[in-house]
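Single-letter residue listing:
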Amino acid sequence: MLTQLTASMTLPVIGSPMFIVSGPELVTAQCQAGIIGAFPALNARPAEVLREWLQQITDTLDDYNAQNPQQPAAPFAVNQIVHPTNDRLAHDLALCAEFKVPLIITSLHAPNRVVEQVHAYGGLVFHDVTTLRHAKKAIDAGVDGLILVCHGAGGHAGRLNPFAFVAEVRQFYDGPLVLAGAITKGEQIAAAQALGVDMVYMGTRFIATQEANAQPAYKQMVLEAAAGDIVYTNLFTGVHGNYLRQSIELAGLDPEALPEGDKNAMRYGSGGSSKAKAWRDIWGAGQGVGGITTLNSVADEVATLRTDYQQALDQLRRR
Ligand SMILES: Cc1cc2nc3c(=O)[nH]c(=O)nc-3n(C[C@H](O)[C@H](O)[C@H](O)COP(=O)(O)O)c2cc1C
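Small disclaimer: the values here were computed from a predicted structure and weren't measured.

Caption draft 1: Geometry of the overall build of the protein chain. What the protein chain contains, in helices and strands, is twelve helices and eleven strands. In summary, the protein chain has a C-alpha radius of gyration of 18 Å against a globular reference of 20 Å for 319 residues, a match within 12%. With the C-alpha coordinates of the protein chain rotated into their principal frame, the extents come out at 55 × 50 × 40 Å. Every one of the 319 residues in the protein chain was classed for burial, and the buried ones make up 56%. For the protein chain, long-range pairs separated by at least 24 residues make up 64% of all intrachain contacts whose partners lie at least 6 apart in sequence. In the form shown here, the protein chain has an accessible surface area of approximately 13,600 Å², with 49% of it arising from carbon and sulfur atoms. Computing the positive centroid from 23 side-chain charges and the negative centroid from 30, the protein chain places the two 4 Å apart.

Caption draft 2: Broad picture of the layout of surface pockets. The computed volume of the second largest pocket comes to approximately 250 Å³. As for the second largest pocket, its lining consists of 13 residues, of which Pro-162, Phe-163, Leu-179, Ala-191 and Leu-195 are closest to the centre. Those elements that provide at least two residues to the lining of the second largest pocket are α7 (162-170), β8 (177-180) and α8 (186-195). Ranked by residues supplied to the lining of the second largest pocket, first place goes to α8 with five residues. Looking at side-chain class alone, the lining of the second largest pocket contains ten nonpolar, three polar and no charged residues.

Caption draft 3: A look at the site of the ligand. Around the ligand, the surrounding shell holds 22 residues, and the nearest of these are Pro-17, Phe-19, Asn-79, Ala-182 and Thr-204. Contact distances for the ligand include 3.2 Å between an oxygen atom and a backbone N or O atom of Gly-154. Here the ligand has 600 Å² of accessible area as a free molecule, and 97% of this is covered by the chains.

Caption draft 4: Fine view of the packing of helix α3 (residues 49-67) against helix α4 (residues 89-98). Across the interface, α3 lies against α4 with an axial gap of 10 Å and an inter-helix angle of 25 degrees. Our classification of the angle between α3 and α4 gives roughly parallel. For the crossing formed where α3 meets α4, the hand is right-handed. Contacts between α3 and α4 involve Leu-50, Arg-51 and Leu-54 on the former and, on the latter, Asp-92, Leu-95, Cys-96 and Glu-98. Grouping the constituent residues of the contact of α3 with α4 by class yields four nonpolar, no polar and three charged.

Caption draft 5: Main features of the sheet that holds strand β7 (residues 155-156). Strand order in the open sheet formed by three strands is β7-β11-β10, with antiparallel pairing between adjacent strands. Unpaired on one side and paired on the other, β7 and β10 (230-233) mark the two borders of the sheet. As paired strands, β7 and strand β11 (residues 241-244) are joined by two bridges and run antiparallel to one another. The residue of β11 that forms the bridge with His-156 is Gly-241.

Caption draft 6: Region of interest: the state of the cysteines. Summed over the entire model, instances satisfying the criterion amount to zero disulfides. This cysteine, Cys-31, is not joined by any disulfide, and Cys-96 carries the nearest cysteine sulfur, 14 Å off. In this structure Cys-31 comes out as buried when scored by relative accessible area, which is 0%.

What counts as what
- Residues numbered from 1 in each chain as written.
- Predicted model: local features only at pLDDT ≥ 70, side-chain atom pairs only at ≥ 80, totals over all residues.
- Heavy atoms only, no water.
- Helix = DSSP H or I, 4+ residues; strand = E, 2+ residues; numbered from the N terminus.
- Rg over C-alpha atoms; globule rule 2.2 N^0.38 Å.
- Buried < 20%, exposed > 50% of the residue type's maximum accessible area, 1.4 Å probe, protein only.
- Contact = heavy atoms within 4.5 Å.
- Areas by Shrake-Rupley, 256 points an atom, 1.4 Å probe, with all protein chains shown as cover.
- Lys, Arg positive; Asp, Glu negative; His and termini not counted.
- Charge placed at Lys NZ, Arg CZ, Asp CG, Glu CD.
- 1 Å grid on protein atoms, 1.4 Å probe; cavity = no way out; pocket = protein on both sides within 12 Å on 5 of 7 lines; lining within 4 Å.
- Points joined across faces, edges and corners; volume = space filled by probe spheres on them.
- Nonpolar A, V, L, I, M, F, W, Y, C, P; charged D, E, K, R; others polar.
- Near = heavy atom within 4 Å.
- Polar contact = N/O pair within 3.5 Å; in protein donor to acceptor, adjacent residues only side chain to side chain.
- Axes fitted to C-alpha atoms, helices over the stretch in contact; angles between N-to-C directions.
- Parallel < 35°, antiparallel > 145°, perpendicular 65-115°, else oblique.
- Left-handed = near helix turned anticlockwise from the far one by under 90°.
- Pairing = 2+ DSSP bridges.
- Disulfide = S-S within 2.5 Å.

Below, the structure is given as structure tokens:
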């Protein structure tokens, strides 16, 4: 089942979906480089734009595959926020079915009905989780894989250590696992596989690429920041997430004295409980920022990751 996704991948990586940052340019570059590219459906605004994006991505990848039959592009994924405030879900899923999007990544609530709809057209569903309870709920909903979002991940992140989380999930689940959180280097991909996962999820690493839809100042901040600059707060969306301290300061707030957010005020992508808008003014990033020092094209970055990953595997074998 997993081979349906991995057959044309050159590295076990999913370029994770990032609000505002991930668009067709980033996604197609990631797929052409041999990793899964993903974007949140809600990035295509207004809703009608989603059809244009799906058409553009499909056409670009079809053309690429026609010219590169020996090494076709990796598949792409669309992220759906399963939450009562997402009133586009039915519309966006219907379009994904029409375009037969190979992988749907669901976030927040258990994706019960989504799984049926996606399986009906032959697609797969991976669900991202931060706790054991949610992992079990997603398995009950029939998902095809779990994404374990651990401590230090960019955007909405969990609190669990990856060693602890993977070990516990593996006690009751032997299906596909994707590990997320502060993974920015080839050797970390090898380390994740050694832990027993099938793929890794990388978000923050791709903010600092030429194809990311992020302001130059945001990319620069990612290049300059270190792990200690990442602030974990629920103020901006009502759900705990990781953000760059420097962007919080630029918005006139004191990162050391942020009030609690209001979970009930959660609107994904809105300003939540603060005037400064999360994602637009307050920039999300994970603790992996310290390992990011170059602003490459996606193709160059994935080539570096691939080389470092192979070297790490060779070194491990030698040891
Ligand atoms: C700026 C930013 C925006 C994000 N937006 C979303 C989103 O819209 N949907 C989602 O499922 N995850 C979102 N995430 C989380 C990522 O998909 C992923 O879990 C995370 O980037 C992995 O950790 P890493 O950034 O340390 O690699 C976002 C992350 C970042 C950094």
